[in-house]
Amino acid sequence: MKFFYNAPIKLNIPSLPFRSLNPAIIRPQGQPINDGFASNPLYDKFGTKAEIEAVAKNNPRIRDIMSKYNLPLKVNMEELEKLKQGHMKETRIATAKMYSSLPTELKKEVSLPELQEAAMLHDYGKVLIPDEILNKKGRLNEKEREIMELHSELGYELLKDKGLSQKTLNLIKYHHQNLNKNGYPAVNKDFEFGIDAQILNTADKYSALREKRSYKNPLGKYEAFEIIAKDVNNGQISQEVYTALIRSV
């Protein structure tokens, strides 16, 4: 299948006052905090080392995961800060752009506030992944890959009792799944990988391809397009989501 890279279109990207179920994060005058990424209330609420450690120690599923893989319960705040200011920020921007490029009918299938929240938190679980795996200067071996892939479930477990909607939590947990249901973590045959999940999956992958990592140099835009086009050919994401990507970034 041949893909054509359309000229960029003018986008109307919303400036979202991110909602929360916790009224304490509303400014005294009653106005929601603006979409300022570094000080976003989502991070103010979950961002201290002591809070994350307490949640992890008291969560049976996290304890089981860490024990199974013989991982120390060590919170990597430096990595979390890098993600907040870098990859998760870029992924959030990409999801907003892609949403703006969707056909009107498909936009109706997406809750933009929940998609944006999930984008801002999708790699949160990496705070518990050892730095020597996250920033290894080379290809991960099989066991290291298994450990890296734990981050989406760890993020879900760290955040599941923090007032986020189930929709947002599921997007975080399954952002590495796909339409073929052969991503991670494992899902059953009834699992639905909706347009919002496809957007997050694609925005995450595009942002990662474009970034410099310890194990690779950044790719150009069209190189990233070519790689993600393979996901369409393999039935992992829809053509509509791919088109939204190439029209918007």
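Since the structure is predicted, the reported quantities are computational estimates derived from the model, not experimental observations.

Conventions and cut-offs
Residues numbered from 1 in each chain as written. Predicted model: local features only at pLDDT ≥ 70, side-chain atom pairs only at ≥ 80, totals over all residues. Heavy atoms only, no water. Helix = DSSP H or I, 4+ residues; strand = E, 2+ residues; numbered from the N terminus. Buried < 20%, exposed > 50% of the residue type's maximum accessible area, 1.4 Å probe, protein only. Contact = heavy atoms within 4.5 Å. Areas by Shrake-Rupley, 256 points an atom, 1.4 Å probe, with all protein chains shown as cover. Core = buried A, V, L, I, M, F, W, Y, C linked by side-chain atoms within 4.5 Å. Polar contact = N/O pair within 3.5 Å; in protein donor to acceptor, adjacent residues only side chain to side chain. pLDDT = per-residue confidence, 0-100. Salt bridge = Lys/Arg side-chain N within 4 Å of Asp/Glu carboxyl O. Phe/Tyr/Trp six-rings, centres within 6.5 Å; stacked < 30°, edge-to-face > 60°. Lys NZ or Arg CZ within 6 Å of the ring centre and 35° of its normal. Axes fitted to C-alpha atoms, helices over the stretch in contact; angles between N-to-C directions. Parallel < 35°, antiparallel > 145°, perpendicular 65-115°, else oblique. Nonpolar A, V, L, I, M, F, W, Y, C, P; charged D, E, K, R; others polar.

**Things to note about the overall build of the protein chain**
Stage number 1. Counting secondary structure elements, the protein chain contains 14 helices and zero strands.
Stage number 2. Shown N-terminal to C-terminal, the secondary structure of the protein chain runs as helices and strands in the order α-α-α-α-α-α-α-α-α-α-α-α-α-α.
Stage number 3. Across the 249 residues that make up the protein chain, the buried fraction comes to 48%.
Stage number 4. In the protein chain, 68% of the contacts between residues at least 6 apart in sequence involve partners at least 24 apart.
Stage number 5. Of the accessible surface of the protein chain, which amounts to about 12600 Å², a share of 49% is contributed by carbon and sulfur atoms.

**A few points about the nonpolar core**
Stage number 1. Membership of the largest hydrophobic core comes to 63 residues, with the highest contact counts inside it found for Leu 102, Leu 128, Leu 150, Leu 154, Leu 158, Ile 199 and Tyr 242.
Stage number 2. Here this core takes seven residues from helix 12 (residues 195-210), the largest share from any one element.
Stage number 3. In contact with Leu 102, other than residues within four places in its own chain, are Lys 107, Val 110, Ile 195, Ile 199, Glu 240 and Ala 244.

**Here's the deal with the side chain of Lys 84**
Stage number 1. Of note, Lys 84 is situated in helix 4 (residues 77-85).
Stage number 2. Using a relative accessible area of 9% as the deciding quantity, one classes Lys 84 as buried.
Stage number 3. Among the polar contacts made by the side chain of Lys 84, one reaches the side chain of Glu 81 at a distance of 3.2 Å.

**Focus on helix 14 (residues 239-248)**
Since the α-helix turns once every 3.6 residues, residues separated by three or four places project in the same direction.
Stage number 1. Three or more residues of helix 14 are buried, namely Val 241, Tyr 242, Ala 244, Leu 245, Ile 246 and Ser 248.
Stage number 2. Those residues of helix 14 that are buried are in contact with helix 5 (87-101), helix 12 and helix 13 (221-233).

**Description of the confidence of the model for the protein chain**
Stage number 1. Residues of the protein chain with pLDDT of at least 70 account for 81%, and the chain-wide mean is 85.
Stage number 2. Contacts of residues 1-38 to residues separated by more than four positions or lying in other chains number 69 contacts, the stretch itself having pLDDT below 50.

**Thoughts on the pattern of salt bridges**
Opposite charge on two side chains lets them pair, provided their charged atoms get close.
Stage number 1. Counted under the stated rule, the structure contains 11 salt bridges.
Stage number 2. Across the pair Glu 105 and Lys 108 runs a salt bridge, and its minimum N-O distance is 3.0 Å. Comparing Glu 105 with Lys 108, the two get one shared label, exposed.

**Examining the environment of Glu 146**
Stage number 1. One can find Glu 146 in helix 9 (residues 142-148).
Stage number 2. In this structure Glu 146 comes out as partly exposed when scored by relative accessible area, which is 35%.
Stage number 3. Through-space distance from the C-alpha of Glu 146 to that of Tyr 184 is 9.9 Å; in sequence the pair is 38 residues apart.

**Some thoughts on the packing of aromatic side chains**
Stage number 1. Tallied over the full model, the rule gives four aromatic pairs.
Stage number 2. The interplanar angle of 55° and the centroid separation of 5.0 Å between the aromatic rings of Tyr 174 and Phe 191 together place this pair among those described as tilted. Within this pair, whereas Tyr 174 is found in the loop between helix 11 (166-173) and helix 12, its partner Phe 191 is found in the loop between helix 11 and helix 12, the two being separated by 17 residues in sequence.
Stage number 3. Exposure remark for Tyr 174: the relative accessible area of 18% places this residue in the buried category.
Stage number 4. Arranged with centres 6.3 Å apart and planes meeting at 35°, the rings of Phe 191 and Phe 193 form a pair that is tilted. As far as the burial class goes, Phe 191 and Phe 193 line up, both buried.
Stage number 5. One aromatic cluster is present, built from ring pairs that chain together Tyr 174, Phe 191 and Phe 193.
Stage number 6. Across the ring face of Tyr 99, the terminal group of Lys 107 is positioned such that the distance to the ring centre comes to 5.5 Å.
Stage number 7. For the cation-ring pair, Lys 173 lies above Tyr 156, with the distance from its terminal atom to the ring centre recorded as 4.6 Å.

**Things to note about the environment of Asn 201**
Stage number 1. By secondary structure assignment, the location of Asn 201 is in helix 12.
Stage number 2. We classify Asn 201 as buried; its relative accessible area is 12%.
Stage number 3. Distance in space between the C-alpha atoms of Asn 201 and His 175 is 5.1 Å, their sequence separation being 26 residues.
Stage number 4. Excluding anything up to four places from it in sequence, Asn 201 contacts His 175, His 176, Gln 177, Phe 193 and Ile 237.
Stage number 5. Separated by 3.1 Å, the side chain of Asn 201 and the backbone oxygen of His 175 make a polar contact.

**Structural notes on the packing of helix 5 against helix 14**
Helices that pack against each other are described as a pair by the angle of their axes relative to one another and the distance between those axes.
Stage number 1. Packing of helix 5 against helix 14 brings their axes to within 8 Å, and their N-to-C directions diverge by 110°. The angle between the axes of helix 5 and helix 14 places the two elements in the roughly perpendicular class. Residue-level inspection shows Lys 97, Met 98 and Ser 101 of helix 5 in contact with helix 14, the latter providing Val 241, Ala 244, Leu 245, Arg 247 and Ser 248.
Stage number 2. Class assignment for the residues of the contact of helix 5 with helix 14 results in four nonpolar, two polar and two charged.

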